[in-house]
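# Topology and contacts: notes
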Amino acid sequence: MINIFNVISENCSKTIEHIVIFLKSVRASQEVDELAIRQLCYQMFSIKILFAPKSAKKFDTITFQDFKKWLYTQSPNNGDVVTYENCSSTQKMISIVHFVGLHNIISGATLYENGDIITSDTKLPLDKHRSSTNEETQLIHQALSSKGLEWSYEYSKPVEKYTPVSGSYVRVTFSDGSVGAGVFGWRDGDDAIMMCIKKGDEPIQYGFGINIGNIHQVVFKTLDAIEKKTLLAQLNDAGKDWNPHVRRIEELNLRVKKGRPYYCINDRMYVVKVHESLSTLDNRRYANGNYFKTKEDGMEALSRAIHAIKKFHARPNPDSTGGSIV
């Protein structure tokens, strides 16, 4: 009788997603091996697994001992980027791992030194590779992006690239496998800019432009209704709200009720008190952000506006060779 419990506390090197993908590519040698593998996966990870379907033409057979060895052998995980140098007939290959098999690494995308990229499964050696540098990782993601593709960490394969528009509610999967949710702002070159982002147990971040890194190395998906509601509630808990009409983060319940006072900056550059009447002028002030609950907030905004105007006027002339914008 195989005792599966003596391995539960050992250090497992594979992610749950990796285990699921791997087992779909193999079949158990015997019924006792299948039972032991299923029990181990349920005990350690609370998952029910599937083996290669009967329709599969090519698959490896494994014993329980084969599976344990695979499970605890250190190797890249699905979604990791590895580099092969002086391998086979090519000088260099950068590959995104689909999964690690018994005898090969199965790549879901491979970028060759000549710029060609293959997006079908490719068998590569288990050794002779190293972890890719940030520059190499960026190269293969950019190559996928140039073909209208991106790497899906959820499905561990290239998929059609989704690029959100400003104001989209999105789930963000980062290259390290971590996931966040937020409101997409804009693209600045190769950088993805968010208006707010919530990752794991970290406090929600918000502001006018949060740089989350290279847009080629993250995957966006639209939030469903429940995820969107959760995100907005977390933003409200921080005393802020997302205004989709003017596409900005603002103070919760910023606009006051009709007849109540608010403050604005007038054409003489003074902060003055006015009363909300839901007029066209009130609507315009609110849409442009010239709308404050307190005089102190108005004074701070005025000070920043004056500073921005001075900075604008001090900018170098187009034909000037000197000066700099700080």
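For every chain, the first residue of its written sequence is number 1, and the numbers climb from 1 along that sequence. Reporting in this predicted model follows two pLDDT cut-offs: at least 70 for local features of residues, and 80 or more for side-chain atom pairs to be given and counted; totals over whole chains, interfaces and linings ignore these cut-offs and use all residues. Side-chain descriptors were evaluated using all non-hydrogen atoms of the structure, hydrogens and water having been removed beforehand.

### A look at the overall build of the protein
Here a helix means four or more residues in a row that DSSP labels H or I, a strand means two or more in a row labelled E, and each is numbered from the N terminus. Along the protein, the regular secondary structure elements total seven helices and 19 strands. A compact globule built from 326 residues should have a C-alpha radius of gyration of about 20 Å, whereas the protein, at 27 Å, is more than 25% larger. Each of the three principal axes of the protein carries a C-alpha extent, and together these read 85 × 50 × 35 Å. Any residue under 20% of the maximum accessible area for its type is buried, any over 50% is exposed, and the rest in between are partly exposed; the area is computed with a 1.4 Å probe on protein chains only. The buried share of the protein, taken over its 326 residues, is 40%. Of the contacts formed within the protein by residues at least 6 apart in sequence, a portion of 53% connects residues at least 24 apart. As displayed, the protein has an accessible area near 19,200 Å², and 50% of this comes from carbon and sulfur atoms. Lys and Arg are tallied as positive, Asp and Glu as negative. Neither His nor the chain termini are counted. To locate a charge, take atom NZ for lysine, CZ for arginine, CG for aspartate or CD for glutamate. Within the protein, the 37 negative side-chain charges are centred at a point lying 6 Å from the centre of the 41 positive side-chain charges. We take the radius of gyration over the C-alpha atoms and set the globule estimate at 2.2 Å times the residue count to the 0.38 power. The contact definition used throughout considers only heavy atoms, calling two residues in contact when any of these lie within 4.5 Å. Using a 1.4 Å probe, the Shrake-Rupley method yields the accessible areas, and only the shown protein chains count as cover for residues.

### Observations concerning the packing of aromatic side chains
We call Phe, Tyr and Trp rings a pair once their centres come within 6.5 Å, taking the six-membered ring for Trp, and we label the pair stacked below 30 degrees between planes, edge-to-face above 60, and tilted otherwise. As enumerated under the stated definition, the model contains six aromatic pairs in all. For the pair F67 and W70, a centre-to-centre distance of 6.0 Å together with 20 degrees between the ring planes defines the contact as stacked. Taken as a pair, F67 and W70 lie in helix 3 (residues 64-72) at a separation of three residues, close to a single helical turn. With 5.4 Å between their ring centres and 75 degrees between their planes, F184 and F220 make a pair best called edge-to-face.

### Focus: the side chain of D33
Along the chain, D33 turns up in helix 2 (residues 31-45). A pair is scored as a salt bridge if a Lys or Arg side-chain nitrogen falls within 4 Å of a carboxyl oxygen belonging to Asp or Glu. Here D33 occupies a buried position and makes no salt bridge, while the nearest side chain of opposite charge, K68, is found at 10 Å.

### Here we look at the packing of helix 1 (residues 16-23) against helix 2
At a closest axis distance of 12 Å, the pairing of helix 1 and helix 2 adopts a crossing angle of 165 degrees. With respect to their mutual orientation, helix 1 and helix 2 come out roughly antiparallel. Where helix 1 crosses over helix 2, the two elements pack in a sense that is left-handed. Contacts between helix 1 and helix 2 involve I16, I19 and L23 from the former and I37, C41 and F45 from the latter. A class-by-class count of the residues in the contact of helix 1 with helix 2 yields six nonpolar, no polar and no charged. A fitted line through C-alpha atoms represents every axis, and for helices the fit uses only the stretch in contact; the resulting angles, taken between N-to-C directions, go from 0 to 180 degrees. By the definition adopted for this analysis, an angle is roughly parallel if under 35 degrees, roughly antiparallel if over 145, roughly perpendicular if from 65 to 115, and oblique otherwise. By convention the crossing between two helices is left-handed if the near helix lies anticlockwise of the far one by an angle smaller than a right angle, and right-handed if it lies clockwise. Amino acid classes used here: Ala, Val, Leu, Ile, Met, Phe, Trp, Tyr, Cys and Pro are nonpolar; Asp, Glu, Lys and Arg are charged; the rest, including Gly, are polar.

### Quick notes on the confidence of the model for the protein
Of all residues in the protein, 93% have pLDDT values of 70 or greater, and the mean over the chain is 90. The pLDDT value tells you how sure the predictor is about a given residue, anywhere from 0 up to 100. A low-confidence stretch, residues 1-9 (pLDDT under 50), is modelled with 14 contacts involving residues beyond four sequence positions or located in other chains.

### Looking at the side chain of D282
Relative to the elements of secondary structure, D282 occurs in helix 6 (residues 280-288). Any pair of N or O atoms that falls within 3.5 Å is considered a polar contact. Within protein, one atom must be able to donate a hydrogen and the other to accept it, and sequence-neighbouring residues count only if both atoms are side-chain atoms. Among the polar contacts made by the side chain of D282, one reaches the side chain of S279 at a distance of 3.1 Å.

### Describing the nonpolar core
By size, the foremost hydrophobic cluster in this structure holds 29 residues, and its most contacted members are I19, F22, L23, I37, C41, F67 and L71. For this core, the secondary-structure elements that each account for two or more residues are helix 1, strand 1 (26-28), helix 2, helix 3, strand 3 (81-87), strand 4 (90-100) and strand 5 (105-112). In contact with F22, not counting residues within four places along its chain, are I62, F67, W70, F99, V100, G101 and L102. Residues enter a nonpolar core if they are buried and are Ala, Val, Leu, Ile, Met, Phe, Trp, Tyr or Cys, with the set joined through side-chain atoms within 4.5 Å.

### Some details on the sheet that holds strand 13 (residues 191-199)
Between any two strands, at least two bridges found by DSSP are needed for them to pair. Sheet architecture is open: five strands sit in the order 14-13-12-11-15, paired in antiparallel fashion. The two strands at the open ends of the sheet, each matched to only one other strand, are strand 14 (205-214) and strand 15 (219-222). The average undirected angle you get between the axes of adjacent strands in this sheet is 50 degrees. Strand direction decides the pairing type here: strand 13 and strand 14, joined by five bridges, are antiparallel. Residue pairing across strands places I193 opposite N211, the latter belonging to strand 14.

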